[in-house]
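Summary of the model geometry
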Amino acid sequence: MAGSKEIKTKIKSVQNTRKITKAMEMVAASKMRKAQERTRAARPYAEKIRNVAAHLSHANPEYRHPYLVTRDTIKKVGIIVVTADKGLCGGLNTNVLRMALTKMREWESQGETFEVCCIGNKGLGFMQRLGANVVSHVVGLGDKPHMERLIGALKIMLDGYTQDRFDRLEIFYTKFVNTMKQEPVMEQLLPLSGERLGAPEGSWDYIYEPDAKSVLDQTLTRYIEALIYQSVTENMASEQSARMVAMKAASDNAGSVIDELTLIYNKSRQAAITKELSEIVAGAAAV
C-alpha cells in the first residue's frame, strides 16, 4: 500500500484536475447557449433560400445551372470535413472523422479519388496524417463563425466542381439534435439533388434582371454557402454540448477517484496508528 504522503499528493492532484474540468464545464455551458441561438437563427434563412432555389431550379428551363446537372460518371469527389479546432469534447471529432474515413475507403474501392477541404484543426491534422489531398482549409474560427473566414476555402471547392476537377461535393459534420445527442452526418452539396431542394408546391415564373444566368449563379452560390455556414454552426453547437457533457463526466469521475483515494488514505493512516499502538504495547509487555 502506498504511503500516506503519496496518497495525499494524488488526492491534491485529482482535486486540482476537478477544478479545471468544472471550470471548463461551466464555460462550455455558457458558450453552448450562444451557439444554439446562432444555429436556430441561421435555420430560417437556410430554409427560405432553399425554397427560392427550388423555385428557380424549376422556373427557368432554358438555362440549366451546373450545380443542378447530375454527372453521368463519378471519378473524383470533393469532400468538406467540419470538425472542432480543440479536443476535450468526447467522441465528437472521432465519430465524424471515422464516418469520413469509412466513406473514403468505400469510394476508393470504386476507383474514385478525392480533394479535401478541412474546416477545423482536428480534421486538418487527421487528413494530413492520412495523406489525403487537402486543397484548402480553415482553422481558428473561434466561438463564432464568420462567413468571410470561410468563403476563400469554399470558393476553391465550388470552383473545383464547376471546372470539373471533381464530379460530386460532399460535406461531413456533426448535427446538433439536443444537449445530450449529436449525430455525425454526411450530406451531398453538389449536384443539388431533388431531395435537397424539394419540389415547389406550385409553378412559379420570374422576370430576371439583368439575366437568368447572373441571377441563378448568385442565388445558387449563396445557397451552397448558406448550407455550409449552417453546417459549421451546427457543428459548433454540438462541440460545446459535447464538451459540457464530457467535462461534467470528468468532474464526476474525479469526485469518485477522490472518495476512493480518501478511503485508502484513511485505511493507511489507521493501519499506521494500529501498528504504533501494537509496538508500544509489545514494548511495555517486554519491560
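Residues numbered from 1 in each chain as written. Predicted model: local features only at pLDDT ≥ 70, side-chain atom pairs only at ≥ 80, totals over all residues. Heavy atoms only, no water.

**Here we look at the overall build of the protein chain**
To keep things clear, this is the line we draw: Think of it this way: any DSSP run of H or I at least four residues long counts as a helix, any run of E at least two long counts as a strand, and we number them from the N terminus. C-alpha atoms define the radius of gyration in this analysis, and the globule rule sets the expected value at 2.2 Å times the number of residues to the power 0.38. Burial here depends on accessible area, computed with a 1.4 Å probe over protein chains only, as a share of the maximum for the residue type. Under 20% is buried, over 50% is exposed, and the range in between is partly exposed. In this analysis, two residues are considered to be in contact whenever any of their non-hydrogen atoms come within 4.5 Å of each other. By the counting rule applied here, Lys and Arg register as positive and Asp and Glu as negative, while His and the ends of each chain are not counted. By convention, the charge on Lys lies at NZ, on Arg at CZ, on Asp at CG and on Glu at CD.
Along the backbone of the protein chain there are 6 helices and 5 strands. Written out in order from the N terminus, the α and β elements of the protein chain read α-β-α-β-α-β-α-β-β-α-α. Here the C-alpha radius of gyration of the protein chain, 28 Å, is well above what a compact globule of 287 residues would show, namely 19 Å. Dimensions of the protein chain along its principal axes, counting C-alpha atoms only, are 115 × 40 × 30 Å. Relative to its full complement of 287 residues, the protein chain shows a buried share of 41%. In the protein chain, the proportion of contacts linking residues at least 24 apart, taken out of those at least 6 apart, comes to 77%. Once the 40 positive and 33 negative side-chain charges of the protein chain are each reduced to a mean point, those two points are 10 Å apart.

**Some remarks on a nonpolar patch on the surface**
Quick reminder of the rule: Patch membership requires over 30% relative accessible area and the absence of a salt bridge. Like charges are linked within 9 Å, and nonpolar side chains (Val, Leu, Ile, Met, Phe, Trp, Tyr) within 5 Å. Computed with the Shrake-Rupley method and a 1.4 Å probe, the accessible areas treat only the protein chains shown as cover for residues. By convention in these notes, a salt bridge is any Lys or Arg side-chain nitrogen within 4 Å of a carboxyl oxygen on Asp or Glu.
Nonpolar side chains collect at one region of the surface, where I273, L277 and I280 lie side by side and expose about 280 Å² of accessible area between them. In this structure I280 comes out as exposed when scored by relative accessible area, which is 58%.

**Points about the packing of aromatic side chains**
Describing an aromatic ring pair means giving the distance of the ring centres and the angle of the ring planes. Note the threshold: A pair of Phe, Tyr and Trp rings is counted when the ring centres sit within 6.5 Å of each other, with Trp represented by its six-membered ring. The angle between the planes then sorts it: under 30 degrees is stacked, over 60 is edge-to-face, the rest tilted. Two conditions define a charge sitting above a ring: the NZ of Lys or the CZ of Arg must be within 6 Å of the ring centre, and it must be within 35 degrees of the ring normal.
By the definition in use, this model includes 3 aromatic pairs. Centre to centre, the rings of W107 and F114 are 6.3 Å apart; their planes meet at 40°, and the pair counts as tilted. Each member of the pair, W107 as well as F114, is classed as buried. When the ring centre of Y161 is taken as origin, the NZ or CZ atom of R71, which lies over that ring, is 4.2 Å away. If you follow R168 out to its NZ or CZ, it ends over the ring of W107, 5.0 Å from the centre.

**Some points on the state of the cysteines**
In a disulfide, the sulfur atoms of two cysteines are covalently bonded to one another. Going by this rule: In what follows, a disulfide is any cysteine sulfur pair within 2.5 Å.
Per the stated rule, a full pass over the model turns up 0 disulfides. Unpaired in terms of disulfides, C117 finds its nearest cysteine sulfur in C118, a separation of 6.7 Å. What makes C117 buried here is its relative accessible area of 0%.

**A word on helix α3 (residues 121-130)**
Working note: α-helix, 3.6 residues per turn, so residues spaced by three or four point in the same direction. Of all the positions in α3, only G123, L124, G125, F126 and M127 are classed as buried. Tucked inside the fold, the buried residues of α3 contact β1 (76-82), α2 (92-109), β2 (113-119) and β3 (134-138). Once α3 ends, the next one or two residues include G131, with phi positive near 80°.

**Digging into the packing of α2 against α3**
Helices that pack against each other are described as a pair by the angle of their axes relative to one another and the distance between those axes. Cut-off, in case you're wondering: Angles shown run from 0 to 180 degrees and are taken between the N-to-C directions of axes, each axis being a line fitted to C-alpha atoms and, for helices, limited to the stretch in contact. Should the near helix be turned counterclockwise from the far one by less than a right angle, the crossing is left-handed, whereas a clockwise turn marks it as right-handed. Residues are grouped as follows: Ala, Val, Leu, Ile, Met, Phe, Trp, Tyr, Cys and Pro are nonpolar; Asp, Glu, Lys and Arg are charged; every other residue, Gly included, is polar.
At a minimum axis distance of 11 Å, the contact between α2 and α3 shows a crossing angle of 35°. Between α2 and α3 lies a crossing of right-handed hand. Residues N93, L97, A100, L101 and M104 of α2 lie in contact with α3, whose contacting residues are K122, G123, F126, M127 and L130. In the contact of α2 with α3, the residues fall into 7 nonpolar, 2 polar and 1 charged.

**Quick word on the environment of A226**
Mapped onto the elements of the fold, A226 is located in helix α6 (residues 212-286). Overall, the relative accessible area of 9% leaves A226 in the buried class. With 164 residues separating them along the chain, A226 and E62 place their C-alpha atoms 26 Å apart. Residues within four places of A226 in sequence aside, it is in contact with Y45 and I49.

**Description of the sheet that holds strand β5 (residues 181-190)**
In a beta sheet, neighbouring strands pair by backbone hydrogen bonds and run either parallel or antiparallel. Applicable threshold: Strand pairing is assigned whenever DSSP detects at least two bridges linking the two strands.
In spatial order, the strands read β3-β2-β1-β4-β5; together these 5 strands make up an open sheet with mixed pairing. Two strands bound the open sheet, and with one partner strand each, they are β3 and β5. Strand after strand, the sheet turns through a mean of 20° between neighbouring axes, direction not considered. By the bridge criterion, 4 bridges tie β2 to β3 in an arrangement that is parallel. Pairing of C117 across the sheet is with S136, part of β3. Docked against the sheet, helix α4 (residues 147-162) engages β1, β2, β3, β4 (168-178) and β5, running at close to 155° with respect to β3.

**Quick look at the side chain of T83**
Here is the rule we go by: Two N or O atoms form a polar contact when they lie within 3.5 Å of each other; inside protein one atom must be a possible hydrogen donor and the other a possible acceptor, and for residues adjacent in sequence the pair counts only when both atoms belong to side chains.
When you line up the elements, T83 lands in the loop between β1 and α2. Look at T83 and you get buried, because its relative accessible area is 6%. A distance of 2.7 Å separates the side chain of T83 from the backbone nitrogen of G123, its partner in a polar contact. Sequence-distant contacts of T83, defined by excluding residues within four places in its chain, comprise N93, V96, L97, I119, G120, N121, K122, G123 and N235.

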